[in-house]
Amino acid sequence: MAYLYRNLACPRCRKEYGIQIVNVMLIELVTGLGPPLLRCVSCNTIFDSGSTEWFRMSDSQKRRYVFLSILYAAIESMILAMVASYSNWYDP
């Protein structure tokens, strides 16, 4: 499976703040919502996070965020429904 990820790290001291999966098999997964700037807790450097705040998003970015949120909720609901139906089916 092909996927692309972005490593959030301070450009000065290289302290890592996590890995974010950007897309899987050419399907973008990141909504882009979040703080645009982060402050490193180690060296106090301010750096770009690659995210945007809601009020600075364009209309197309907002629609994409709402669409992805609904899609994620639907997928999670289906997974939970399958788990619940399996546990009720298997229960003797």
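The shown structure was predicted, so the numbers you read here are calculated from the model rather than taken from an experiment.

The rules we used
- Residues numbered from 1 in each chain as written.
- Predicted model: local features only at pLDDT ≥ 70, side-chain atom pairs only at ≥ 80, totals over all residues.
- Heavy atoms only, no water.
- Helix = DSSP H or I, 4+ residues; strand = E, 2+ residues; numbered from the N terminus.
- Buried < 20%, exposed > 50% of the residue type's maximum accessible area, 1.4 Å probe, protein only.
- Contact = heavy atoms within 4.5 Å.
- Phe/Tyr/Trp six-rings, centres within 6.5 Å; stacked < 30°, edge-to-face > 60°.
- Patch = residues over 30% accessible without salt bridge, like charges linked within 9 Å, V, L, I, M, F, W, Y side chains within 5 Å.
- Areas by Shrake-Rupley, 256 points an atom, 1.4 Å probe, with all protein chains shown as cover.
- Salt bridge = Lys/Arg side-chain N within 4 Å of Asp/Glu carboxyl O.

## What about the overall build of the chain?
In step 1: Across its full length, the chain holds 1 helix and 5 strands.
In step 2: Reading the secondary structure of the chain in the N-to-C direction produces β-β-β-β-β-α.
In step 3: Every one of the 92 residues in the chain was classed for burial, and the buried ones make up 16%.
In step 4: Nonlocal contacts in the chain, meaning residues at least 24 apart in sequence, comprise 36% of its contacts between residues at least 6 apart.

## Concerning the packing of aromatic side chains
In step 1: Scanning all chains against the criterion turns up 1 aromatic pair.
In step 2: Ring plane angle 70 degrees and centroid distance 5.6 Å describe the contact between Trp54 and Tyr65, whose orientation is recorded as edge-to-face. Taken together, the residues span a long stretch of sequence, with Trp54 in the loop between β5 (46–48) and α1 (59–90) and Tyr65 in helix α1 at a distance of 11 residues.
In step 3: Note on Tyr65: relative accessible area 24%, which makes it partly exposed.

## Overview of a nonpolar patch on the surface
In step 1: Taken together, the side chains of Phe67, Leu71, Ile75, Met78, Ile79, Met82 and Val83 present a nonpolar region at the surface, about 690 Å² in accessible area.
In step 2: Here Ile79 shows up in helix α1.

## Section: unusual backbone geometry
In step 1: The backbone of Arg14 sits at a positive phi, close to 65 degrees, despite the residue not being glycine.
In step 2: Within the secondary structure, Arg14 sits in the loop between β1 (3–9) and β2 (16–24).
In step 3: Here Arg14 falls in the exposed class, since its relative accessible area comes to 58%.
In step 4: Of note in the backbone geometry, Asn44 takes a positive phi value of approximately 70 degrees without being a glycine.
In step 5: Here Asn44 lies in the loop between β4 (37–39) and β5.

## Section: the environment of Ile46
In step 1: Along the polypeptide, Ile46 turns up in strand β5.
In step 2: C-alpha separation for the pair Ile46 and Arg12, spaced 34 residues apart in sequence, amounts to 9.5 Å.

## What about the side chain of Thr45?
In step 1: Inspection of the secondary structure puts Thr45 in the loop between β4 and β5.
In step 2: Aside from chain neighbours lying at most four places away, what touches Thr45 is Cys10, Arg12, Leu38, Arg39 and Cys40.

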